[in-house]
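Working through the structure, step by step
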Amino acid sequence: MSTRCGIGYDLHRLEAGRKLIVGGIELEFDKGPAGHSDGDVVAHALCDALLGAAGLGDIGTHFPDTDPKWKGADSMIFLQHARKLLDEKKLAIEHVDAVVILERPKLGPHFPKMREALGRALGVEPAKIHLKAKTNEGVDAVGRGEAIAAYVVATLVAR
Ligand SMILES: [Zn+2]
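Right, let's walk through the structure included here. (Residues numbered from 1 in each chain as written. Predicted model: local features only at pLDDT ≥ 70, side-chain atom pairs only at ≥ 80, totals over all residues. Heavy atoms only, no water.)

A short note on the pairing of strand β5 (residues 91-101)
- In the sheet, β5 pairs with strand β7 (residues 147-158) via 10 bridges, with the strands oriented antiparallel. Residue pairing across strands places Leu-91 opposite Ala-158, the latter belonging to β7.
- Note: β5 against strand β6 (residues 129-134), 6 bridges, orientation parallel. Bridge pairing in β6 places Ala-98 opposite Leu-131.
- With respect to chirality, the unit in which β5 leads through helix α4 (residues 111-122) into the neighbouring parallel β6 is right-handed. (Pairing = 2+ DSSP bridges. Helix = DSSP H or I, 4+ residues; strand = E, 2+ residues; numbered from the N terminus. Right-handed = clockwise from strand over helix to strand, strands pointing away.)

As structure tokens, this is what we get:
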């Protein structure tokens, strides 16, 4: 059985008046990610990790931010599309591990719902999706609460 790993990273600036969408769910907060789509860093980094593991380029290849079609798009659509591409290549998601970096609000209490939403979009059990939260200890743009970032590693197996 062959195993492949992919890594993904994403960062969005946080701006007042935008919805804070992380891992497919909306959180109560006064700022949210600026971006062409809904700015969900977990979904974007996860999409890149899956595409990378499958050798299929990156999110920009499949969903160019110059395309008005993706303006304000629900990022779960990107994951559903990635799932379809993996299916075509006979690759299955074995495990996903993510780190989300954000000063506020606290993400931990929302992880069960995020894992459910991500699992639904990808057609895998939430148990295969692991999420971790970090702050940036007040350092840099993320630490000043000006941005949100995520790292994701995805492991795929050939079916
Ligand atoms: Zn993004």
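So, the nonpolar core
- Counting 47 residues, the largest nonpolar core has Leu-50 and Leu-79 as its most contacted members.
- Looking at this core, the elements with two or more residues in it are β2 (20-22), β3 (25-27), α1 (41-54), α3 (76-88), β5, α4, β6 and β7.
- Top element by residues in this core is α1. It accounts for 11 residues.
- The residues touching Leu-50, leaving out its near neighbours within four places in the chain, are Leu-79, Ala-82, Leu-86, Ile-93, Leu-122, Ala-154 and Leu-156. (Core = buried A, V, L, I, M, F, W, Y, C linked by side-chain atoms within 4.5 Å. Buried < 20%, exposed > 50% of the residue type's maximum accessible area, 1.4 Å probe, protein only. Contact = heavy atoms within 4.5 Å.)

So, the coordination of the zinc ion
- Taken together, the protein ligands of the zinc ion are Asp-10 (OD), His-12 (NE2) and His-44 (ND1), with distances of 2.0 to 2.1 Å.
- Sequence positions of the residues that donate to the zinc ion give the spacing D-x1-H-x31-H.
- Owing to a relative accessible area of 12%, His-12 belongs among the buried residues under this scheme. (Donors = N, O, S within 2.8 Å, 3.2 Å for Na, K, Ca; no water.)

Overview of α3
- Compared with the 18 Å implied by 1.5 Å per residue over 13 residues, the 19 Å span of α3 between its first and last C-alpha is a close match.
- Within α3, burial applies to Met-76, Phe-78, Leu-79, Ala-82, Leu-85 and Leu-86.
- The secondary structure elements touched by the buried residues of α3 are α1, α2 (59-62), β5, α4 and β7.
- A positive backbone phi angle near 55° is found at Lys-90, which sits one or two residues after α3. (Expected span 1.5 Å × (residues − 1).)

Digging into the state of the cysteines
- Applying the stated criterion to the full structure yields 0 disulfides.
- Free cysteine Cys-5: the closest other cysteine sulfur is in Cys-47, separated by 17 Å.
- Among the residues examined, Cys-5 registers a relative accessible area of 56% and is labelled exposed.
- Residue classification places Cys-47 among the buried positions, given a relative accessible area of 1%. (Disulfide = S-S within 2.5 Å.)

Coordinates in, geometry out; function isn't part of it.
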